[in-house]
Amino acid sequence: MVTTAENELLCRVGPGTRMGAMLREYWHPFLRSDKLKPGGAPERVRLLGENFIAFRTLDGNVGFIDEACPHRCASLALARNEGDGLRCIYHGWKIGSCGKVLDVPIEQPERREAFAASVKVHHYPVREAGGLIWVFLQEDKEPPPFPALEFTALPEDHVDARFAYIHCNWIQAFEAVIDSAHLGYLHRSSGMQRVYALEQTTKPVRFEIEFHQYGFREAALRERPDGTDHARLREFVAPSFSFPPGEVAEGAILGAITVPVDDEWCIQIWVTYNIRRPLIEIDLDNVWRYVSPNRHNFWEGASSRDLWGQDREVMESKDHWSGFVEKPQLYEDFAVLEAMGPIVDRSKENLCSTDLIIAKTRNRLLQAIEDYEAGKGVWGIPTKDAPIDYGRIRSVELILKADDDWRSFDSVKISDQIYARIRDKGGLPVAAE
């Protein structure tokens, strides 16, 4: 268990907090690229407890600046996009995507240019990749290497990214993604029947973990009656990128990114991608059937007022485990997360053996803060002595023989075998083959 003080340290992300300081060392995705139209309306963005504005000029450049106009702090969410910059509707100040004041029409003509140049605009580096817009929330520091995960280099039609704004702390949300123990229970009526059935014929799941500079690799191992292990090997990239094992359709892979909005809200971005071909309907239908078509917030409209739409009658009839009928698995997760309250008091928990990954990840994050403050680098960011090949990070599901060590297998190689077997309808490969 973590103490109350440690829980506060993990959850608080605003300016001046220790976790917030470390999180500002990473690149964070915050919008789908298609949300910003050239010359279109600016978008409010709240990240790490601060308010910003993102906009796109007619030449396609993205600007990311503080929401407050540097003049009198009027919200630039109300500004006019004039193609080459935002003009505040209050006093007409104009700010470019480069983060410079371009015009101060209320200042004396002879002073305008010099005065505009003297005003500092808080402006942050951005990058577009994988259908997402990313930002580095430090303006006077060289950004770290970009986390060029496999999906970020794929063509647009190979990637589908969907956002959910969840009323809970970011730690709560990403812990749900790395918690394999709940799959056969919470989701037993919504697509994880196979895992539940597996758990009835295997010994209880056991977890092993191997930490790396990029994050960690985790094995969820279920011993089968024949002595082999059903293994789900997950990859986690710090601070909050998780790739659940298993392909959702022929060659399609799923990943989740959890981004802190503030202490009590987060964004969870689910990315479906296929490295071999453009996505097709079956790739997306397996994950997104019954979900809102709004890719910018597919969790919109859910409310605690009606217990997130839970159907107690169907639960009582034993026709559905969770009561979230015709809802995707993620709805079940999000309802559980929000029902906990915005910030869980983890000092009241009673962890068991299947919570090993949760406990170790919390401890590693706490240690990462200590290391960062001691000048020992940032967990998840490559160094000269510890480079990271983000393109080789891929999760996998397979069968291990009794004397196999899961650490010795190349997930990309095994994943390619899986694709070939699914294509040929042969099922999961045995790793030693």
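As a reminder, the structure under discussion sits directly above these lines.
Residues numbered from 1 in each chain as written. Predicted model: local features only at pLDDT ≥ 70, side-chain atom pairs only at ≥ 80, totals over all residues. Heavy atoms only, no water.

With that settled, consider the overall build of the chain. What the chain contains, in helices and strands, is 11 helices and 18 strands. Computed over the C-alpha atoms, the radius of gyration of the chain is 23 Å, within 12% of the 22 Å expected from 2.2 N^0.38 for a compact globule of 433 residues. Dimensions along the principal axes, computed over C-alpha positions, put the chain at roughly 85 × 55 × 50 Å. Per-residue burial over the chain gives 54% buried out of 433 residues. (Helix = DSSP H or I, 4+ residues; strand = E, 2+ residues; numbered from the N terminus. Rg over C-alpha atoms; globule rule 2.2 N^0.38 Å. Buried < 20%, exposed > 50% of the residue type's maximum accessible area, 1.4 Å probe, protein only.)

Across the sheet, which stays open at both edges, the 4 strands sit in the order 5-6-7-8 with antiparallel pairing between neighbours. The sheet terminates laterally at strand 5 (80–81) and strand 8 (101–103), the two strands that pair on one side only. As paired strands, strand 7 (residues 94–95) and strand 8 are joined by 2 bridges and run antiparallel to one another. Looking at the pairing, Ile95 lines up with Val101 of strand 8. (Pairing = 2+ DSSP bridges.)

Before going further, it helps to spend a moment on the packing of helix 1 (residues 4–11) against helix 10 (residues 356–373). Where helix 1 contacts helix 10, the two axes come as close as 11 Å, and the packing angle between them is 75°. Relative to helix 10, the element helix 1 lies roughly perpendicular. Contact with helix 1, carried on its side by Glu6, Leu9 and Leu10, involves Arg362, Leu365, Leu366 and Ile369 of helix 10 and no other residues of that element. Residue classes in the contact of helix 1 with helix 10 are distributed as 5 nonpolar, no polar and 2 charged. (Axes fitted to C-alpha atoms, helices over the stretch in contact; angles between N-to-C directions. Parallel < 35°, antiparallel > 145°, perpendicular 65-115°, else oblique. Contact = heavy atoms within 4.5 Å. Nonpolar A, V, L, I, M, F, W, Y, C, P; charged D, E, K, R; others polar.)

Moving on: the sheet that holds strand 4 (residues 62–66). Backbone-to-backbone hydrogen bonds pair the strands of a sheet. The strands run either parallel or antiparallel. Strand order in the open sheet made by the 3 strands is 2-3-4, with antiparallel pairing throughout. Looking at the sheet topology across the chains shown, the edges are occupied by strand 2 (43–47) and strand 4. The average angle at which neighbouring strand axes cross in this sheet is 30°, direction not considered. Bridge analysis of strand 3 (residues 50–56) against strand 4 gives 5 bridges, and the strand direction is antiparallel. Each bridged residue has a counterpart across the sheet, and for Ala54 the counterpart in strand 4 is Phe64.

Right, let's get into the pairing of strand 11 (residues 159–166). In terms of burial, strand 11 is largely enclosed, as 7 of its 8 residues are buried. Sheet topology places strand 11 next to strand 17 (residues 266–274); 8 bridges connect them, and they run antiparallel. Across the sheet, the residue bridging to Tyr165 is Ile267, located in strand 17.

Cysteine pairs can be linked by a disulfide, which is a covalent bond between their two sulfur atoms. Summed over all chains, the structure comprises 0 disulfides. Unpaired in this structure, Cys11 has its nearest cysteine sulfur neighbour in Cys168, at a distance of 9.8 Å. Cysteine Cys168 shares no disulfide, and the gap to the nearest cysteine sulfur, in Cys266, comes to 4.2 Å. A relative accessible area of 0% means that Cys168 is categorised as buried. (Disulfide = S-S within 2.5 Å.)

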